[in-house]
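Each chain, letter by letter, is given below.
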Number of protein chains: 2
Amino acid sequence: MSPSLFPQHIIAQKRDGGVLSRAEIGAFVRGATDGSWADYQLSALLMAIFLRGMTPEETALYTDAMMRSGVVADLTAVPGIKVDKHSTGGVGDKVSIPLAPMVVACGVPVPMISGRGLGHSGGTLDKLESIPGFRTDLSLADYCAQVARIGCALIGQTKDLAPSDKKLYALRDVTATVECIPLICGSILAKKLAEGIDALVLDVKFGRGAFMKTEEQARELAHALVQVGRAGGKKVRALLTAMNQPLGRTVGNALEVGESIACLHGEGPADLMEVTYALGAQMLLLGGKAEDVAEAEAKLQAVIADGSALEKFREIVVAQGGDGRVVDEPDRLPQASHKVILPAPATGIITDVDAMQVALAALRLGAGRAKAEDRIDPGVGVSGLVKIGEPIEAGAALCTIHASDASSAKVAVEMLGKAIRVGNEAPPKARLIGELLS
Amino acid sequence: MSPSLFPQHIIAQKRDGGVLSRAEIGAFVRGATDGSWADYQLSALLMAIFLRGMTPEETALYTDAMMRSGVVADLTAVPGIKVDKHSTGGVGDKVSIPLAPMVVACGVPVPMISGRGLGHSGGTLDKLESIPGFRTDLSLADYCAQVARIGCALIGQTKDLAPSDKKLYALRDVTATVECIPLICGSILAKKLAEGIDALVLDVKFGRGAFMKTEEQARELAHALVQVGRAGGKKVRALLTAMNQPLGRTVGNALEVGESIACLHGEGPADLMEVTYALGAQMLLLGGKAEDVAEAEAKLQAVIADGSALEKFREIVVAQGGDGRVVDEPDRLPQASHKVILPAPATGIITDVDAMQVALAALRLGAGRAKAEDRIDPGVGVSGLVKIGEPIEAGAALCTIHASDASSAKVAVEMLGKAIRVGNEAPPKARLIGELLS
């Protein structure tokens, strides 16, 4: 190894504000993958990157190296433009579940490799696994075959996909180096670029319940993601969407699957459908199945109206070992033993539903993971959540709490009682869909 | 543990430019000592400290926590003001060896815990160990007893002295976080404050052969060291001294002990004596044994002239198991098998003796360690080195090379031939002793 590629030398370069070369970034990512760099060297460089930044070129090289650290799915044999959607994560964000079958039903293949929930943010995999029998641990070969056969597969990250990201993310999590745009870009896009897609629509969320607290931060991240995704040879668009109150009326795994199925039956809540249509329209545009947003949204509405999106979802569920009957009988989904209604303390208007506080209540109920090794309880969560601006009468339900025992229900009642506010005046209506970056 | 003392929280604080509290710095140093922080967390914080800095107060708290991570020698039973000297390291810097017995002979106790050489810089311990039988691995109890009995002990760092420094220095070495003034301060002073001293004179070197390349950098380090040492309750002074050419005329362990003995016989080279007197004078002033520099230097000259410094050195050597006869018969020191004279290529004036290049030649001969686990050859090195500004005749010796075999001698001849330059004009005389910070 050339001395210029010694870990100390590369760390010192970035420490001093230098720009790392392809060879240096390659050595770093290889070091994370094969263990030739010690963890303490990786974390020292991660901190130096956090504080010194990376140029767009460095970020693209980093993402490329991360992608190439493992296998890259080859879907070239699947006809059409393959389009995926990725969300930076929010509360009640089950959009992928109705969206994927809707877009596939419109003729665009959707290969989707998703993550698990951690902290306040839920994960698509955990939600799907609440469907009895549903398997998300398909091999890459089975994943490719299923995309070819039915246009879609919804699976989890296999261990040979961007393994460097798994290593580096675990280190970032315990060394205060998570909130760094170039590192976030690399982590998100390395996995997405490895899944065999041609185009990607990003849902970059901002607000109390999102990773990025302000629209400005979200725009910065979205801009970087679009730039780096393009450097990776993909068509990429990003939509900024608000995440101040939960999306839809449910939070919790089986409850969110139930709401997703309702969407496909044409009974989805307005805010959830608005985001789903907006992202789906961009996917159809990138997938070459519509000329403009209006045409795209009309097509998406049609596949709900004619039941073909619902049938596509059933097909996916069955293909992945799940019980297809849940599509018509959502009661087959796991249910919590304790259901408690949270009554409104007064008559008035809902002035706040704090997404983060709702998420923490759901976490307390067992719907999520505080630590990676925590087990999830699929049936618990919150349903029937009121939305900001809705009128309410004293004693009417603000939401229903689904708990596995009386004591966690009691804590959740208290937490949600603080998260949901009733007042006299309607707050100004907040925009849900923000800027489109393309 | 309070969540505010979680490693991630403390790392994030410093990452964001915050000032760490005593509790936070304590948790970090404790984490390094007892292993409750992972290495990757330690290195992430070290990099954050490197890039964000530490205030003088943080540096003092860090130093204090490092000192308290192990045992602290108690010399309160020894009468008098105990004074030590520490050098930031140079080439041919054997000052401690003649200095300690000189100062002790003047009535000031000198408890001295030294380090080993690493890289281009030699270590007092390695030099002393070239004396047959000399032991530097005294227990802390034996060290205290010897200081009480004869006023001086010259030992190595025991494993229970500031163990956090050993851990953190090893990490810094491989994560590009060495050259950071607050971390350097902590590392140097934690060990010195633990050795039971009341006062400390620092020799902060600058130049090609020193850690700090410019006088400005050395001043910054010296300033920080004085400030932090005082915060630790010690009287501290720092002298800036030049390190562009080797100090004295020898580089190599036994050769430097020989030169040190010559100093005690009143036959030391001028530059080495100048630095030794300057540092010794400050030690006598701090030790309350002189009113001014002139009085101090007169006392130091007197203990050489009357042989009492030499006798004190013999006493120390014998006390630590060494062969006291070397004091009168330096030929008893280990000798290299091959001695080669490097002749001057032309008649003229010595225009350069590059300290770093000479050090690297000595390292090549086996006088030092490139890696911590390397073994040292006590007899090898360079003697009879010319000094910048001296006249030379073609063919006369620029130096004598002491090697263990012909092949390393040949490489050293080549390296030294480049390190030592002969020209026609004497370069401007450079100042050896710079500013005193107190």
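Residues numbered from 1 in each chain as written. Chains lettered and ligands numbered in written order. Predicted model: local features only at pLDDT ≥ 70, side-chain atom pairs only at ≥ 80, totals over all residues. Heavy atoms only, no water.

## Some thoughts on the pattern of salt bridges
Phase 1: Taken as a whole and judged by the stated rule, the model has 62 salt bridges over all chains.
Phase 2: The shortest N-O distance in the salt bridge between Arg15 of chain A and Glu179 of chain B comes to 3.4 Å. Of this pair, Arg15 of chain A sits in helix H1 (residues 7-15) while Glu179 of chain B is found in the loop between helix H8 (163-174) and helix H9 (181-193), placing the two residues in two different chains.
Phase 3: A salt bridge links Asp198 of chain A to Lys82 of chain A, with the shortest nitrogen-to-oxygen separation between them at 3.6 Å. Of this pair, Asp198 of chain A sits in the loop between helix H9 (181-193) and strand E4 (199-206) while Lys82 of chain A sits in the loop between helix H4 (56-67) and strand E1 (83-87), and the two are 116 residues apart along the sequence.
Phase 4: For Lys82 of chain A, a relative accessible area of 4% corresponds to the buried category.
Phase 5: Overlapping salt bridges bring together Glu215, Glu216, Arg219, Arg431 and Glu435 of chain A as one network. (Salt bridge = Lys/Arg side-chain N within 4 Å of Asp/Glu carboxyl O. Helix = DSSP H or I, 4+ residues; strand = E, 2+ residues; numbered from the N terminus. Buried < 20%, exposed > 50% of the residue type's maximum accessible area, 1.4 Å probe, protein only.)

## Here's the deal with the nonpolar core
Phase 1: With 304 residues, the main nonpolar core has Phe28, Tyr143 and Ile420 of chain A together with Phe28, Tyr143 and Ile420 of chain B as its most contacted residues.
Phase 2: When sequence neighbours within four positions are dropped, the list of residues in contact with Tyr143 of chain A reads Ala73, Leu75, Pro111, Met112, Ile113, Leu138, Ala153, Ile155 and Glu195 of chain A. (Core = buried A, V, L, I, M, F, W, Y, C linked by side-chain atoms within 4.5 Å. Contact = heavy atoms within 4.5 Å.)

## Considering the interface of chain B and chain A
Phase 1: Counting residues at the interface gives 21 residues for chain B, matched by 21 residues for chain A.
Phase 2: Carbon and sulfur atoms supply 72% of the area buried between chain B and chain A, which totals about 1700 Å² over both sides.
Phase 3: It is Arg15, Tyr40 and Leu51 of chain B in chain B that bury the most area against chain A; as a group they hold 36% of the surface buried on that side.
Phase 4: Where chain B meets chain A, there are two salt bridges.
Phase 5: Mapped onto the side of chain B that touches chain A, the elements with two or more residues apiece are helix H1 (7-15), helix H3 (39-52) and H8 of chain B.
Phase 6: A total of ten residues in the side of chain B that touches chain A trace back to one element, the largest contributor, which is H3 of chain B.
Phase 7: Split into classes, the residues belonging to the side of chain B that touches chain A amount to eleven nonpolar, five polar and five charged. (Buried area = accessible area lost by both parts, 1.4 Å probe. Nonpolar A, V, L, I, M, F, W, Y, C, P; charged D, E, K, R; others polar.)

## Considering the relation of the copies chain B and chain A
Between the two chain copies there is a screw-like relation: a rotation about an axis and a shift along it.
Phase 1: Structural alignment of chain B on chain A gives an RMSD of 0.1 Å, achieved by rotating through 179° and translating 0.2 Å along the axis. Here the copies are linked by what is in effect a two-fold axis. Minimal C-alpha distance to the rotation axis in chain B is attained by Tyr40 of chain B, lying at 2.0 Å.
Phase 2: Comparing interface residues between copies, 100% of those in chain B also lie at the interface in chain A; the contact surface is shared. (Least-squares fit on C-alpha atoms with pLDDT ≥ 70 in both.)

## Considering the domain arrangement of chain A
Accessible area lost on assembly of the parts is the figure often given for the size of an interface.
Residue and element names in this part refer to chain A.
Phase 1: Each domain of chain A was delimited in the assignment, giving domain 1 (3-53), domain 2 (83-327) and domain 3 (334-423).
Phase 2: Residue-level contacts link eleven residues of domain 1 with twelve residues of domain 2.
Phase 3: The largest contributions to the domain 1 side of the interface with domain 2 come from Ala32, Leu46 and Phe50, which together make up 46% of the buried area.
Phase 4: Our count for the contact surface shared by domain 1 and domain 2 stands at one salt bridge.
Phase 5: Between Lys167 and Asp39 there is a salt bridge, with its nearest N and O atoms 2.8 Å apart. (Domains from an automatic or database assignment.)

## A few points about the side chain of Gln146 of chain A
All names here are of chain A.
Phase 1: Structurally, Gln146 is set in helix H7 (residues 140-150).
Phase 2: For Gln146, a relative accessible area of 3% puts it in the buried group.
Phase 3: Not counting residues within four places of it along the chain, the set of residues in contact with Gln146 comprises Leu138, Gly151, Cys152, Ala153, Ile316, Ala319 and Gln320.

## Topic: helix H13 (residues 293-305) of chain A
Residues and elements named next belong to chain A.
Phase 1: Helix length check: H13 (13 residues) gives 18 Å between terminal C-alpha atoms against 18 Å at 1.5 Å per residue, within 8%.
Phase 2: Along H13, the residues that are buried comprise Ala296, Leu300, Val303 and Ile304. Here the buried residues of H13 occupy an arc of 105° about the axis, which is enough to place them on one side. The exposed residues of H13 that point more than 90 degrees off its buried face are Ala294 and Ala305.
Phase 3: Of the surrounding elements, those touching the buried residues of H13 are helix H5 (96-105), helix H11 (253-264), helix H12 (270-286) and helix H14 (308-319).
Phase 4: The backbone nitrogen of Ala294 has a side-chain oxygen 3.3 Å away, supplied by the residue at the start of H13, namely Asp292.
Phase 5: Looking one or two residues past H13, Gly307 carries a phi angle of roughly 80°, positive in sign. (Expected span 1.5 Å × (residues − 1). Arc of directions from axis to C-beta. Polar contact = N/O pair within 3.5 Å; in protein donor to acceptor, adjacent residues only side chain to side chain.)

## Considerations on the sheet that holds E4 of chain A
All names here are of chain A.
Phase 1: Overall, mixed pairing links the four strands, which are arranged E1-E4-E5-E12 in an open sheet. Two strands bound the open sheet, and with one partner strand each, they are E1 and strand E12 (433-437). The average undirected angle you get between the axes of adjacent strands in this sheet is 20°.
Phase 2: Direction of pairing for strand E5 (residues 235-242) relative to E12: antiparallel, over a ladder of three bridges. Across the sheet, residue Thr241 finds its bridge partner in E12, namely Ile433.
Phase 3: Relative to E1, H9 is tilted by about 155°, and along the sheet it contacts E1 and E4. (Pairing = 2+ DSSP bridges. Axes fitted to C-alpha atoms, helices over the stretch in contact; angles between N-to-C directions.)

## Some remarks on helix H2 (residues 22-34) of chain A
All names here are of chain A.
Phase 1: In a regular helix each residue adds 1.5 Å, so 13 residues correspond to 18 Å; H2 covers 18 Å between its end C-alpha atoms and thus fits that length.
Phase 2: All buried positions along H2 are accounted for by Glu24, Ile25, Gly26, Ala27, Phe28, Val29, Gly31 and Ala32.
Phase 3: On the buried face of H2, the contacting elements are H1, helix H3 (39-52), H4 and helix H8 (163-174).
Phase 4: Phi turns positive one or two residues past the end of H2, at Gly35, with a value near 80°.

## A few points about the sheet that holds strand E6 (residues 338-343) of chain B
All names here are of chain B.
Phase 1: A sheet is described by the order of its strands in space; here three strands give the open sequence E6-E10-E8, paired in antiparallel fashion. A single partner strand is all that each edge strand has here, and the edge strands are E6 and strand E8 (381-383). If you compare each strand with its neighbour and ignore which way they point, the axes differ by 25° on average.
Phase 2: With respect to the sheet, helix H16 (residues 406-419) is in contact with E6, E8 and strand E10 (397-403), its orientation differing from that of E10 by roughly 150°.

## Notes on unusual backbone geometry
Phase 1: The backbone of Ala176 of chain A shows a phi angle near 55°, a positive value even though the residue is not glycine.
Phase 2: Note that Ala176 of chain A resides in the loop between H8 and H9.
Phase 3: Look at Ala162 of chain B: it is not a glycine, yet its phi comes out positive at around 40°.
Phase 4: Inspection of the secondary structure puts Ala162 of chain B in the loop between strand E3 (152-156) and H8.

## A look at the state of the cysteines
Phase 1: Inspection of every chain in the model, using the stated rule, returns zero disulfides over all chains.
Phase 2: Counting only cysteine sulfurs, Cys152 of chain A is the nearest neighbor of Cys144 of chain A, a cysteine outside any disulfide, at a range of 13 Å. (Disulfide = S-S within 2.5 Å.)

## Quick look at the environment of Lys94 of chain A
Residues and elements named next belong to chain A.
Phase 1: Looking at the secondary structure, you find Lys94 in the loop between E1 and H5.
Phase 2: Sequence separation between Lys94 and Gly248 is 154 residues; the distance between their C-alpha atoms is 8.5 Å.
Phase 3: Not counting chain neighbours up to four residues away, the residues in contact with Lys94 comprise Lys127, Leu247, Gly248, Thr250, Glu256, Glu259, Ser260 and Leu272.
Phase 4: Here the side chain of Lys94 touches Thr250 through a polar contact of 2.9 Å, landing on its backbone oxygen.

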